[in-house]
Amino acid sequence: MKKTVSLLLAVMLCVLLIGCSNQNVAEGTPVQINYDAATVSYLGPEGTYTQEACEKFFDGKGSYLPYETVEKAVQALTEGESNYAVIPQENTIGGAVIDYLDTLIASENVSVVGEVELPISQNLLVLPGTALEDIKTVYSHKQGIAQGKEWLAKNLPNADVIEASSTAEGAKTVADGKDKSCAAIASAGCADVYGLEILAAGIQNNDKNKTRFYVLSKDVPATAASDRLAFIASGCAKDLPKLTAEMDKLGITLVALHDRPEKTELGNYHYLIECSACSFENYQKLTQDSNFTFRYLGSYSVK
């Protein structure tokens, strides 16, 4: 009899704790970030724009761990090697960074806890003493290449353009190779890090060039009202107009919408949707009577 009573009390306690947990989600408890203790994984090597985004979001505090790829940086988060991961997600000129969005979509246990908007100034970096006519090969990340495409076409039309895993990796390749026929498109900071010179500054296609970065965590997605709210809606393209019409009806402002194939049937997509002026309660209304499958990513601030 005593065992039965004890068992019943244990069950009731579990139900009570679960109820309290759900209540906290409904009330929208903000995510608290301890910057001093933060360990942040990012796309390396040292000198990438992603590292700069880390420093901006975390106020230069905490420790930053560079990884060869965004996928490895996010894996470090999911495996407990870091507390946060910072990934590029969209650029003014190059658009959505689809490989990195795919990584986010595939990482089911991560949430978005912040966003960084970073002005991007691309530069042509060379070994000291290099002249423009010396350059035969240019290295950069594909986003850097896209952002400097017009300048390259005008000034280095015959150069071979080779994609690197990051802009900083391109700069490192030039520095390590010690070949004056090579150059890199990267940040001004990379010139200091790798002992290079800026041969041409601000070569991006326009002066309004920015990249947005997500700050990821394994924390439960925050529901408190903030600057932005993001979610993934997975399903058929024909159902998208109904969803966006419902968003408009609820007064939700669409910030960005990116589609990635579900890889199941033609016309089926994962829609990564970012919005403002959207409460968690209104997000829940969107999920009612919808043919989409939803995954809530979080409500978060923008720096």
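Everything in this summary refers to the structure shown in the same document. Since we're looking at a predicted model, the values are computed, not measured.

### Considerations on the environment of Ala53
Step number 1: Looking at the secondary structure, you find Ala53 in helix α2 (residues 49-57).
Step number 2: Along the sequence, Ala53 and Tyr214 sit 161 residues apart, while their C-alpha atoms lie 9.3 Å from each other.
Step number 3: Apart from the residues within four sequence positions on either side, Ala53 is in contact with Val86, Val116, Leu118 and Phe213.

### Quick notes on empty space enclosed by the protein
Step number 1: The final tally for this structure, using the stated rule, is one cavity of 30 Å³ or more.
Step number 2: Here the largest cavity is characterised by a volume of approximately 200 Å³.
Step number 3: If you go around the largest cavity, you meet 18 residues; those closest to its centre are Tyr49, Pro88, His141, Gln143 and Thr167.
Step number 4: Contributions of two or more residues to the lining of the largest cavity are made by α2, β3 (84-91), α5 (142-147) and β11 (210-217).

### Side note on the pattern of salt bridges
Step number 1: Counted according to the given criterion, the structure contains 12 salt bridges.
Step number 2: A salt bridge links Arg260 to Asp102; the nearest nitrogen and oxygen atoms lie 2.7 Å apart. Of the two residues, Arg260 is situated in strand β13 (residues 253-261) and Asp102 in helix α4 (residues 98-106); the sequence distance between them amounts to 158 residues.
Step number 3: For Glu115, the salt bridge is made with Arg228, and the minimal N-O distance between the two is 2.9 Å.

### Description of helix α10 (residues 280-287)
At 3.6 residues per turn, the α-helix brings residues three or four places apart onto the same side.
Step number 1: Every buried residue belonging to α10 is among Phe280, Asn282, Tyr283 and Leu286, and all of these are buried. End-on view of α10: buried residues confined to an arc of 160°, all on one side of the axis.
Step number 2: Positive phi shows up at Asp289, right after α10, with a value of about 55°.

### Quick word on the layout of surface pockets
Empty space among the atoms becomes apparent when a probe as large as a water molecule is rolled across them.
Step number 1: A volume near 240 Å³ is recorded for the largest pocket.
Step number 2: Every residue lining the largest pocket is counted, 13 residues in all, and those nearest its centre are Asp102, Ile105, Ala106, His270 and Arg295.
Step number 3: Residue assignment for the lining of the largest pocket shows that the elements contributing at least two residues are α4, β12 (228-236), β13 and β15 (293-302).
Step number 4: A breakdown of the residues in the lining of the largest pocket according to their chemical character gives five nonpolar, three polar and five charged.
Step number 5: The space that makes up the second largest pocket amounts to roughly 200 Å³.
Step number 6: Here the lining of the second largest pocket gets three residues from one element, more than from any other, and that element is helix α9 (residues 240-249).
Step number 7: A class-by-class count of the residues in the lining of the second largest pocket yields three nonpolar, three polar and five charged.

### Examining α9
Step number 1: Residues Leu240, Leu243 and Met247 constitute the buried set of α9. Down the axis of α9, the buried side of the element spans an arc of 65°, and every buried residue falls inside it. In this structure, α9 carries Pro241, Lys242, Asp248 and Lys249 as exposed residues pointing more than 90 degrees from its buried face.

### A look at the pairing of strand β1 (residues 39-43)
Step number 1: Counting buried residues along β1, five of its five residues qualify, which places the element largely inside the surrounding structure.
Step number 2: In terms of strand pairing, β1 meets strand β2 (residues 63-67) through five bridges, oriented parallel. Residue Thr39 lies in a different strand from β2, and its bridge partner there is Ser63.
Step number 3: For the crossover that starts at β1, traverses α2 and ends in the parallel β2, the hand is right-handed.
Step number 4: In this sheet, β3 lies alongside β1 in parallel orientation, the contact comprising three bridges. Each bridged residue has a counterpart across the sheet, and for Tyr42 the counterpart in β3 is Val86.

About the thresholds
All residue numbers refer to position in the chain's written sequence, counted from 1. Thresholds applied to this predicted model are a pLDDT of at least 70 for local features of residues and 80 or more for the giving and counting of side-chain atom pairs; totals over whole chains, interfaces and linings are not thresholded and use all residues. Excluded from the side-chain calculations are hydrogens and water; all other atoms, namely the structure's heavy atoms, are used. Counting from the N terminus, the helices are DSSP H or I runs at least four residues long and the strands are E runs at least two residues long. Contacts: residue pairs with any heavy atoms within 4.5 Å of one another. Every definition here rests on a 1 Å grid over the protein atoms only: cavities are sets of points where a 1.4 Å probe fits but cannot get out, pockets are open sets enclosed by protein on both sides within 12 Å along at least five of seven lines, and lining residues have some atom within 4 Å of a point. Grid points are joined across faces, edges and corners, and a volume is the space filled by probe spheres set on the points. Salt bridge, as used here, is a side-chain nitrogen of Lys or Arg placed within 4 Å of a carboxyl oxygen of Asp or Glu. Categorising residues by exposure relies on relative accessible area from a 1.4 Å probe, with only protein chains included: less than 20% of the type maximum marks a residue as buried, more than 50% marks it as exposed, and the intermediate range marks it as partly exposed. The arc under discussion is defined with respect to the helix axis, by the directions toward the C-beta atoms. In the scheme used here, Gly and all other residues not listed as nonpolar or charged are polar, with Ala, Val, Leu, Ile, Met, Phe, Trp, Tyr, Cys and Pro taken as nonpolar and Asp, Glu, Lys and Arg as charged. Here, strands pair whenever DSSP counts at least two bridges between them. Assignment of crossover handedness uses the view with strands pointing away from the viewer, where a clockwise path from the first strand over the helix to the second indicates a right-handed crossover.

Interpretation note: all reported values are geometric properties and have no functional meaning in isolation.
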